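Letter by letter, the chains look like this.
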Amino acid sequence: MNIKGRDSDKYKKANKKIAEIKEEISKVIVGQEKIVEQTLIAILSDGNLLLESNPGLGKTKLTETISKVIGLEFSRIQNTPDLMPSDITGTHIINESGDKTEFEFQEGPIFANMVLADEINRATPKTQSALLEAMQEKQVTVGNRTYSLDNPFFLIATQNPLEHEGTYPLPEAQRDRFMMKLELDYPEEQEEQEIVERFTTELEFAADLKQVVSKPSLIKLQEFTRQMPVANDIRNYAVSIVKETRSIEELKYGASPRASINLVIAGKARALMEGRNHVSKNDIDEMVKPILRHRIALSFEAEKKGKNKDEIIEGLIH
Amino acid sequence: MRIEQLIKTLKREFYKVNFLQSTLDSVILFLILNTLQIFVQLPLPTALADYKVIAAFSGIFLLLNFFYRSRNYNIEIYENENPELNELLRTAKDNVDKNNTASRALFNEIKEISRNVSSESIIPNNQILGKTLLIGVLSIGVVMTGTIDTELNSETLETLWDEPDEETTENTSEFDYELLDGEEILGDHNELNPEDMDINYDTSPQEDTAQTAPFASQQEVDSLQQFEEDPSFELSKEYLQRIRED
């Protein structure tokens, strides 16, 4: 087999692995194929994810299942109004051993490969900000020391819709750090029946999940994603969509260049998921909503008219 | 195969198809001009009536036609004709300098697809078929003209088909054939005395008689010699000779 053949085989193998991951996830998660796909896209893109839904739709379950299937160390942070930043990052504690007394860093739950920040909008802005550095720089600073996080690192935050009581909207800067915002919807009746069937027949439902990829394999997949070739006109198309958000009257503010970057990367990851080795316009179109919806804000007039962000984003796709 | 080579190959395929089209057009032009020259007697100058000149004219037409057809080469031509190549070729073209696993896999895929599409996709099959059929018909026409005396020129045609001139008419009117029976030719058999007859014969062929009528009697030969002096007879003889030769 020649080198060219091996390149194609590597791609086929990558596609096969992704298909296996999806299959394993479906052993636990019923339906929600699009959400699963977009979550995997965020993982392949090395991006952080914001999941928004009403309670009880399986956000935590989804994250936990994915971490098991892709062999990542999982930790969970339950955000509450009294949660402190050090509860997330970790803190220095005094360690007394024999005659010696010294400060020792006690790692917080952020030190994992896949961190689920549950109900992030219940934490105070100060605590939410503690996640900023971890999300963007993949490191945390405690006191005057900086600690690197393990690679790969993903933060999947869940939030309840903002209308719910006792929530603190995420600051714009933090929202921008999330690659995508996914909105989970209620399952179809048939899917819900299956969910009920699956989770009511055993005391503790534990699907026999297989770890499909290892950490190095996942990093390799992320490298493949970045390598995905994209045509100049498709890249320009992605940039033009993001740029257009800055000039729409119905929006208070548009998306940042980080949105353009994320849109192209997400397009690449989607192409890999679809088994293609180039980015198509359709990849970009499919990823526009999850990439942009948390990065734009409706103007007062638009809100008054009852418009929503997804409608405006749809108008940008041409 | 590097993508530059692939793009070059596709470009070459494009030129090949256009060259094929131009060649067919030129052959059609050549055959049409040739056929017209034979049948319609185009009022061309003598030099232009030569098939070499027609061939040269067709050659020039081929080149001009080829350059005209090939003036707007664009990789999107393949994309338009092959939806499965849509975006692939442009992506490959824009990433021609990349040399990683993903790019190589893309180039391989294009190579695989282009094996199937290549020039076939941009060949207008109906046009090619139509032109080929036309060439076939014209070729048959040209072959058929080969069975006709191509040396028939206007002068000969006039001689054959025009009204006979006055002199010829007169001679023909005087040319009466009279049927004679054997006795009138050979004499009364009762008066024939075999003892007085001295018959000499020679088995070697006589030049004159062999050419005109090898087994004719001397009297017949003599009567034919009378006809030979007639101009109509000359024309008839020549005509019969030609038919015999053909």
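See the structure above.
Below is a short write-up of the structure. Small disclaimer: the values here were computed from a predicted structure and weren't measured.

**Notes on the overall build of chain A**
Logical step 1: What chain A contains, in helices and strands, is 13 helices and eleven strands.
Logical step 2: Looking at chain A as a whole, 50% of its 318 residues qualify as buried.
Logical step 3: Accessible surface, chain A as shown: approximately 15400 Å² in total, 48% of it carbon and sulfur.

**Observations concerning the interface of chain B and chain A**
Frequently, the measure chosen for interface size is the accessible area that the parts lose on association.
Logical step 1: In this complex, chain B contributes 18 residues to the contact, which on the side of chain A involves 21 residues.
Logical step 2: For the pair chain B and chain A, the two sides together bury roughly 1600 Å², of which 48% comes from carbon and sulfur.
Logical step 3: Our count for the contact surface shared by chain B and chain A stands at one salt bridge.
Logical step 4: At the boundary of chain B with chain A, the tally comes to six residue pairs in polar contact (both at pLDDT 80 or more).
Logical step 5: The set of elements that each furnish at least two residues to the side of chain B that touches chain A consists of α5 (88-94) and α6 (101-117) of chain B.
Logical step 6: Residue composition of the side of chain B that touches chain A, by class: five nonpolar, seven polar and six charged.

**What about the sheet that holds strand β1 (residues 48-52) of chain A?**
All names here are of chain A.
Logical step 1: The sheet built from five strands is open, its strands ordered β2-β5-β8-β1-β9 with parallel pairing. The sheet is open, and its two borders are formed by β2 (74-78) and β9 (178-183), each paired with just one other strand. Within the sheet, the average angular offset between the axes of one strand and its neighbour, ignoring direction, is 20 degrees.
Logical step 2: The pairing of β2 with strand β5 (residues 114-118) spans five bridges and is classified as parallel. Of the residues in β5, the one forming a bridge with Phe74 is Met114.
Logical step 3: The sheet contacts of helix α3 (residues 59-69) involve β1, β2, β5 and β8 (154-159), and relative to β5 the element is tilted by about 175 degrees.

**Describing a nonpolar patch on the surface**
Logical step 1: There is a patch of nonpolar side chains on the surface, built from Tyr239, Leu240 and Ile243 of chain B and spanning about 330 Å² of accessible area.
Logical step 2: Turning to its location among the elements, Ile243 of chain B is positioned in helix α13 (residues 231-245).

**Some points on the pattern of salt bridges**
All names here are of chain A.
Logical step 1: Overall, the coordinates contain 24 salt bridges over all chains when judged by the stated rule.
Logical step 2: In this structure, Glu119 and Arg122 form a salt bridge, with 3.2 Å as the shortest nitrogen-oxygen distance.
Logical step 3: Connected through shared salt-bridge partners, Glu37, Arg270, Glu274, Arg276 and Asp283 make up one network.

**Overview of empty space enclosed by the protein**
Residue and element names in this part refer to chain A.
Logical step 1: The tally for this structure, following the rule as stated, stands at one cavity of 30 Å³ or more.
Logical step 2: Of the voids in this model, the largest cavity is the one considered here, and its volume is about 40 Å³.
Logical step 3: What lines the largest cavity is simply Ile18, Ile21, Leu40, Ile43, Leu44, Ile70, Leu218 and Leu221.
Logical step 4: Of all elements in the fold, only α1 (3-25), α2 (33-44) and α8 (215-227) reach the threshold of two or more residues within the lining of the largest cavity.
Logical step 5: Taken together, the residues that form the lining of the largest cavity break down as eight nonpolar, no polar and no charged.

**Comments concerning the pairing of β9 of chain A**
Looking down a regular strand, the side chains alternate between one sheet face and the other.
Residue and element names in this part refer to chain A.
Logical step 1: Of all six residues making up β9, five are buried, and the element is well covered by its neighbours.
Logical step 2: Across five bridges, β1 lies against β9 in parallel orientation. Bridge pairing in β9 places Leu50 opposite Lys181.

**Overview of the packing of helix α9 (residues 232-244) of chain A against helix α10 (residues 257-273) of chain A**
Residues and elements named next belong to chain A.
Logical step 1: Between α9 and α10, the shortest axis-to-axis distance is 9 Å and the interhelical angle comes to 140 degrees. When the axis of α9 is compared with that of α10, the two are oblique. Like other packed secondary-structure pairs, α9 and α10 cross with a definite hand, here right-handed. Taken together, the residues of α10 that come into contact with α9 (itself represented by Arg235, Ala238, Val239 and Val242) are Ala259, Ser260, Leu263 and Val264.
Logical step 2: Considered class by class, the residues forming the contact of α9 with α10 number six nonpolar, one polar and one charged.

Each value, and the rule that gives it
- Residues numbered from 1 in each chain as written.
- Chains lettered and ligands numbered in written order.
- Predicted model: local features only at pLDDT ≥ 70, side-chain atom pairs only at ≥ 80, totals over all residues.
- Heavy atoms only, no water.
- Helix = DSSP H or I, 4+ residues; strand = E, 2+ residues; numbered from the N terminus.
- Buried < 20%, exposed > 50% of the residue type's maximum accessible area, 1.4 Å probe, protein only.
- Areas by Shrake-Rupley, 256 points an atom, 1.4 Å probe, with all protein chains shown as cover.
- Contact = heavy atoms within 4.5 Å.
- Buried area = accessible area lost by both parts, 1.4 Å probe.
- Salt bridge = Lys/Arg side-chain N within 4 Å of Asp/Glu carboxyl O.
- Polar contact = N/O pair within 3.5 Å; in protein donor to acceptor, adjacent residues only side chain to side chain.
- Nonpolar A, V, L, I, M, F, W, Y, C, P; charged D, E, K, R; others polar.
- Pairing = 2+ DSSP bridges.
- Axes fitted to C-alpha atoms, helices over the stretch in contact; angles between N-to-C directions.
- Patch = residues over 30% accessible without salt bridge, like charges linked within 9 Å, V, L, I, M, F, W, Y side chains within 5 Å.
- 1 Å grid on protein atoms, 1.4 Å probe; cavity = no way out; pocket = protein on both sides within 12 Å on 5 of 7 lines; lining within 4 Å.
- Points joined across faces, edges and corners; volume = space filled by probe spheres on them.
- Parallel < 35°, antiparallel > 145°, perpendicular 65-115°, else oblique.
- Left-handed = near helix turned anticlockwise from the far one by under 90°.

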